[in-house]
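Residues per chain, in single letters:
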Amino acid sequence: MTGPVLWARPWLIAAGMAFGAATAVKWSGVYALAVFGLYVVVTDALARRRAGIALWPTDAVFRQGPASFLLLVGPALLTYLMSWTGWLLTAGGYDRQTDANPFIALWKYHEAILAFHVGLASPHPYASPAWQWPLLLRPTAIWVADSPAPCGTDHCIAVISSVPNPLIWYAGVAAAAYLLYRFVRAMIQRQPIAPMLTFALVGLIATYVPWLLVGNRTIFQFYTVVMVPFLVIALAVALRELAGPKHAPLHRRQAGQRTVVVYLCVVVLVSAFYYPVWTGMSVPYEFWLIHNWLPGWI
């Protein structure tokens with residue numbers, strides 16, 4: 001018995017277009033495309049096992065797999081190429097004249113880009129290897145200037161920093177670790193795995209783990225901007241657990257919900273506190289200093 005080959009999957013086409021657009025912004029979008037593609041194959045396999053299909057792994061890989069590949073990667077590739085329309089249809093783009101065929105010229109340009117980035121290992125004061133990112137040891141200062149605008153003191157500074165709200169960041173990292181623990185425990189105990197445990201983890205695998213494999217490259221903490229949505233999702237799941245399930249005793253739910261409300265209120269206050277250094281406002285130098293909670297934040 002074999003399962004059906006499903007083509008009516010508009011969500012997969014939409015995901016492919018989104019990944020193509022992400023890759024057009026930064027090539028690390030390919031990581032997300034690859035990881036999500038594997039996730040689709042795995043979930044298809046599990047769905048076919050639940051449906052009673054005998055050879056569910058091979059059915060998902062060799063029958064549904066090619067269809068899912070076309071539905072996902074096809075739109076991604078088309079969207080990515082569309083982002084190069086101006087370069088392909090005009091003659092003035094950088095390296096556009098390396099070949100009369102615009103697509104061959106584009107391929108050569110991509111080879112040059114890849115060669116440059118693979119070997120990029122120049123020192124930088126704000127460089128931060130990926131293992132440091134969860135600890136938030138070296139956020140990137142996007143822009144710093146002695147501000148001429150008045151700020152109430154003689155020494156004013158204007159900063160645009162990539163440092164996130166520390167309460168959201170560290171709590172999100174802890175929440176991701178908690179979801180990973182729940183996932184591993186469910187696997188060991190052969191329990192059903194809720195989608196809420198896998199979605200955030202898959203997103204973090206796609207946006208973080210590949211950077212651990214390029215230890216020699218010059219990379220920065222601000223690359224984690226694409227991790228933040230998945231950390232927030234993990235945090236939301238963990239806060240829901242903290243608030244207490246519906247079947248929990250009333251006193252447990254009340255205590256949990258109060259804790260969540262207090263945490264969220266403090267998060268909003270900390271966000272307001274950091275707003276000036278996220279937006280380049282002119283502030284006293286001493287005021288900026290108290291935003292640097294760790295030595296590497298300066």
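Cut-offs used in this document
Residues numbered from 1 in each chain as written. Predicted model: local features only at pLDDT ≥ 70, side-chain atom pairs only at ≥ 80, totals over all residues. Heavy atoms only, no water. Helix = DSSP H or I, 4+ residues; strand = E, 2+ residues; numbered from the N terminus. Buried < 20%, exposed > 50% of the residue type's maximum accessible area, 1.4 Å probe, protein only. Contact = heavy atoms within 4.5 Å. Areas by Shrake-Rupley, 256 points an atom, 1.4 Å probe, with all protein chains shown as cover. Lys, Arg positive; Asp, Glu negative; His and termini not counted. Salt bridge = Lys/Arg side-chain N within 4 Å of Asp/Glu carboxyl O. Pairing = 2+ DSSP bridges. Axes fitted to C-alpha atoms, helices over the stretch in contact; angles between N-to-C directions. Parallel < 35°, antiparallel > 145°, perpendicular 65-115°, else oblique. Nonpolar A, V, L, I, M, F, W, Y, C, P; charged D, E, K, R; others polar. Phe/Tyr/Trp six-rings, centres within 6.5 Å; stacked < 30°, edge-to-face > 60°. Lys NZ or Arg CZ within 6 Å of the ring centre and 35° of its normal.

For the overall build of the chain, give the residues involved together with the corresponding values.
A count of helical and extended segments in the chain gives eleven helices and three strands. Secondary structure elements of the chain occur, N-terminal to C-terminal, as α-α-α-α-α-β-β-α-α-α-α-α-β-α. Burial analysis of the chain (298 residues in total) assigns 38% to the buried set. Contacts in the chain between residues at least 24 apart in sequence constitute 64% of all its contacts with a sequence separation of at least 6. Accessible surface computed for the chain: about 17,300 Å², of which carbon and sulfur atoms make up 73%.

Go over the side chain of Arg-217 with me, naming the residues and quoting the values.
Along the polypeptide, Arg-217 turns up in the loop between helix H8 (209–212) and helix H9 (228–243). One buried charged side chain, Arg-217, makes no salt bridge at all; its nearest oppositely charged neighbour is Glu-111, positioned 17 Å away. In contact with Arg-217, other than residues within four places in its own chain, are His-117, Val-118, Leu-120, Trp-211 and Tyr-223.

Which residues make up the sheet that holds strand S3 (residues 282–284), and what values do they have?
Pairing within the open sheet is antiparallel, and its three strands lie in the order S1-S2-S3. Where the open sheet ends on each side, the last strands, each with one partner, are strand S1 (141–146) and S3. Across the sheet, the mean angle from the axis of one strand to that of its neighbour is 35 degrees, orientation sign disregarded. In this structure, strand S2 (residues 156–161) lies alongside S3, joined through three bridges in antiparallel fashion. Following the sheet pairing, Ala-158 is matched in S3 by Ser-282.

Can you break down the pattern of salt bridges residue by residue, with the values?
In the structure shown here, the tally under the stated rule is five salt bridges. Among the ionic pairs, Arg-48 bridges to Asp-59, the shortest N-O distance being 2.4 Å. Highlighted residues: Arg-48 in helix H2 (residues 29–50) and Asp-59 in helix H3 (residues 56–82), separated in sequence by eleven residues. For the pair Arg-48 and Asp-59, a shared accessibility class is recorded, and that class is buried. Here Asp-99 ties to Lys-108 by a salt bridge, and the two come within 3.7 Å at their closest N and O atoms.

Please set out the packing of helix H1 (residues 10–25) against H2 residue by residue, giving values where relevant.
Where H1 meets H2, the axes come as close as 8 Å, and the angle between the chain directions of the two elements is 160 degrees. Between H1 and H2, the interaxial angle falls into the category roughly antiparallel. On the side of H1, the interface is formed by Trp-11, Leu-12, Ala-15, Phe-19, Ala-22 and Thr-23, while H2 contributes Gly-29, Val-30, Ala-32, Leu-33, Phe-36 and Val-40. When the residues that make up the contact of H1 with H2 are grouped by side-chain class, the tally is ten nonpolar, two polar and no charged.

Requested: an account of unusual backbone geometry, with residues and values cited.
Unusually for a residue other than glycine, Asp-95 sits at a positive phi of about 65 degrees. In this structure, Arg-190 takes a positive phi of about 55 degrees despite not being glycine. For Arg-190, the position within the fold is in the loop between helix H6 (166–188) and helix H7 (195–207). Relative accessible area serves as the criterion here: at 78%, Arg-190 is assigned to the exposed category.

Can you explain the environment of Leu-179? Please cite residues and give values.
Within the fold, Leu-179 resides in helix H6. Each C-alpha atom, one on Leu-179 and one on Val-209, is 16 Å from the other, the two residues being 30 residues apart in sequence. Those residues in contact with Leu-179, other than ones at most four positions away along the chain, are Met-196, Leu-197, Ala-200, Leu-201, Ala-234 and Val-237.

Pulling in residues and values, what's your account of the packing of aromatic side chains?
Inspection of the entire model under this criterion finds 22 aromatic pairs. Relative to Trp-278, the ring of Tyr-274 has its centre 5.9 Å away and its plane inclined at 25 degrees; by these criteria the two rings are stacked. Separated by four residues within a single helix, Tyr-274 and Trp-278 lie in helix H10 (residues 250–279), roughly one turn from each other. Cluster of aromatic residues (ring-pair linked, three or more members): Tyr-31, Trp-133, Tyr-208, Trp-211, Phe-220, Phe-222 and Tyr-223. Here the guanidinium or amino end of Arg-96 rests over the ring plane of Trp-87, the centre of that ring lying 5.7 Å away.

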